[in-house]
Amino acid sequence: MTTAPAALIRTSGELHALARPAGAQRAVVMTMGALHQGHATLIRAARAAAGPDGQVVVTVFVNPLQFGEAADLERYPRTLDADLAVAEEAGADAVFAPSAEEVYPGGEPQVRITAGPMGERLEGSSRPGHFDGMLTVVAKLLHLTRPDAAFFGQKDAQQLALIRRMVRDLDFGIGIVAVPTVRDPDGLALSSRNRFLSAGERTTALALSKALFAARDRLAAQQALHARARTAPQPGGRAAALTRLGEARAAADSQAVALARPAVGPAAVRAAARAVLDEAAQEDVPLVLDYLALVDPADFTEVPDDRDGGEAVLAVAARVGATRLIDNIPLNLGALT
Ligand SMILES: Nc1ncnc2c1ncn2[C@@H]1O[C@H](COP(=O)(O)OP(=O)(O)OP(=O)(O)O)[C@@H](O)[C@H]1O
Ligand SMILES: CC(C)(CO)[C@@H](O)C(=O)[O-]
Ligand code: BAL
């Protein structure tokens, strides 16, 4: 595919001067660089939405405000030349890659966006202050790039949910578009941090996606069983009476019933994922679990065990060697009653 060269923009002045053809939609994809095919998929989605007459701007900025450990910030990969090529190939018109001084001219900003309670859960609990720093730079980059729509990956599900909340709560008037997680053929979610994994660490890291898929498959199997039970012919007469009698006896010892019953619904989903992660924790190159949580995508609170419907996100974070990885899968808990 032949593509026009993308303009490299380093300052907010140059960005404001970027001509926007009358009536053209501008779509933005924000990144921290080290672009891979996950980012390219976001850029292609932005290109498709903006149309051939629209404008696609990719931002590349490693935002110091959202890093806790200095070592994580220092070793974050910086590959601007390669990033330009990936962005251009995927259909970007311009790449805005400012310096930290350009984004924060007076040093770290005093006034910041606060993520609130949703920002303190899961990733927020493991990386205190991360989401305040992330939302602050996203707000700044939205003001600087002035898009009609901005595209974010489902891989960072909690980030995406918080950006949606910020845009809604603070009336940014910008469309937020989610793009499904792009994976390697063996299931590993693409991530800039994957490049730090040795071959052995990468094998162990596969447990993240395997755990999510195991949970999804367990849920699907339960849903299929429930669907079959609903369509099976109802027993009549004497058989029904015997069934009712049997049920009454079983209910009399509710504790025994509860203990004997295999986990269903949310508990089974968590258990299926946990079994895979527990096994990976025993490997020679072990996985060290940070969290596994089945949450409500609206606020990232834990889904109660008796929930039998609605949308959920199963999210996992773990360290393999010195690299911390996250992954998640959206699930629909419906059809379990
Ligand atoms: N595998 C992926 N599939 C879809 N979107 C992705 C994927 N990886 C990253 N993104 C999205 O790209 C945007 C920029 O992410 P970012 O630059 O942090 O990349 P990253 O690969 O997530 O890096 P890391 O997790 O190592 O910081 C975010 O909206 C993110 O959700
Ligand atoms: C949204 C973002 C570009 C803000 O720095 C970053 O958190 C990311 O790359 O996901
Ligand atoms: N991909 C989310 C950005 C971060 O890890 O800081």
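As annotated in an unreviewed UniProt entry, the protein is Pantothenate synthetase from Streptomyces clavifer. You can read under Catalytic activity (unreviewed entry) in the UniProt record for the protein the words "(R)-pantoate + beta-alanine + ATP = (R)-pantothenate + AMP + diphosphate + H(+)". Listed in UniProt under the heading Subcellular location (unreviewed entry), the comment for the protein reads: "Cytoplasm".

Enquirer: Just checking my understanding: could you explain the UniProt feature "active site" (unreviewed entry) in the protein for this structure?
Expert: On the UniProt side, "active site" (unreviewed entry) is annotated at positions that read His 39 here. By the secondary structure assignment, His 39 is in helix α2 (residues 37-50). Residues in contact with His 39, not counting those within four places in the same chain, are Thr 31, Gly 33, Ala 34 and Ser 192.

Enquirer: For this particular structure, what's the right way to read the site of ligand 1?
Expert: Around ligand 1 sit 20 residues, and of these His 36, Lys 155, Asp 156, Ser 192 and Arg 193 come closest. For ligand 1, a nitrogen atom lies 2.8 Å from a polar atom in the backbone of Val 182. In this structure, Ser 192 approaches ligand 1 through a main-chain N or O atom, which is 2.7 Å from an oxygen atom. In isolation ligand 1 has 590 Å² of accessible area, and contact with the protein removes 95% of it. Where the shell around ligand 1 is concerned, the elements lending two or more residues are β2 (26-31), α2 and β5 (149-153). Grouping the amino acids of the shell around ligand 1 by side-chain chemistry returns 8 nonpolar, 9 polar and 3 charged.

Enquirer: I would appreciate a short explanation of a negative patch on the surface in the present structure.
Expert: A cluster of like negative charges, contributed by Asp 278, Glu 279, Glu 283 and Asp 284, occupies part of the molecular surface. Inspection of the secondary structure assignment puts Glu 283 in the loop between α12 (265-281) and β7 (287-295).

Enquirer: What's the story with the sheet that holds strand β9 (residues 323-332) in this structure? I'm lost.
Expert: Across a sheet, paired strands are connected by hydrogen bonds in the backbone, their directions being either parallel or antiparallel. With antiparallel pairing, 3 strands are arranged side by side in an open sheet as β7-β8-β9. Single-partner strands in this sheet number two, and they are β7 and β9. Averaged over all pairs of adjacent strands, the angle between their axes in this sheet comes to 15°, without regard to strand direction. Where strand β8 (residues 311-320) and β9 come together, 10 bridges link them in antiparallel fashion. What sits directly across from Ala 312, in β9, is Leu 331. This element, helix α9 (residues 199-231), spans β7, β8 and β9 of the sheet and lies at about 15° to β9. Against the sheet, α12 contacts β7, β8 and β9, and its axis sits at roughly 170° relative to β7.

Enquirer: I tried to follow the pairing of β5 on my own but got confused; where do I start?
Expert: Looking along a regular strand, one sees side chains alternate from face to face of the sheet. Most of β5 sits inside the fold, with 5 of its 5 residues counted as buried. Of the two faces of β5, both are covered, the one formed by Ala 149, Phe 151 and Gly 153 as well as the one formed by Ala 150 and Phe 152. Bridge analysis of β2 against β5 gives 3 bridges, and the strand direction is parallel. Pairing of Val 28 across the sheet is with Ala 150, part of β5. Both β5 and strand β6 (residues 175-179) contribute to a ladder of 5 bridges, which runs parallel. Residue pairing across strands places Gly 153 opposite Val 179, the latter belonging to β6.

Cut-off values and rules
- Residues numbered from 1 in each chain as written.
- Chains lettered and ligands numbered in written order.
- Predicted model: local features only at pLDDT ≥ 70, side-chain atom pairs only at ≥ 80, totals over all residues.
- Heavy atoms only, no water.
- UniProt positions renumbered as here; feature names shortened; annotations may be inferred.
- Helix = DSSP H or I, 4+ residues; strand = E, 2+ residues; numbered from the N terminus.
- Contact = heavy atoms within 4.5 Å.
- Near = heavy atom within 4 Å.
- Polar contact = N/O pair within 3.5 Å; in protein donor to acceptor, adjacent residues only side chain to side chain.
- Areas by Shrake-Rupley, 256 points an atom, 1.4 Å probe, with all protein chains shown as cover.
- Nonpolar A, V, L, I, M, F, W, Y, C, P; charged D, E, K, R; others polar.
- Patch = residues over 30% accessible without salt bridge, like charges linked within 9 Å, V, L, I, M, F, W, Y side chains within 5 Å.
- Salt bridge = Lys/Arg side-chain N within 4 Å of Asp/Glu carboxyl O.
- Lys, Arg positive; Asp, Glu negative; His and termini not counted.
- Charge placed at Lys NZ, Arg CZ, Asp CG, Glu CD.
- Pairing = 2+ DSSP bridges.
- Axes fitted to C-alpha atoms, helices over the stretch in contact; angles between N-to-C directions.
- Buried < 20%, exposed > 50% of the residue type's maximum accessible area, 1.4 Å probe, protein only.

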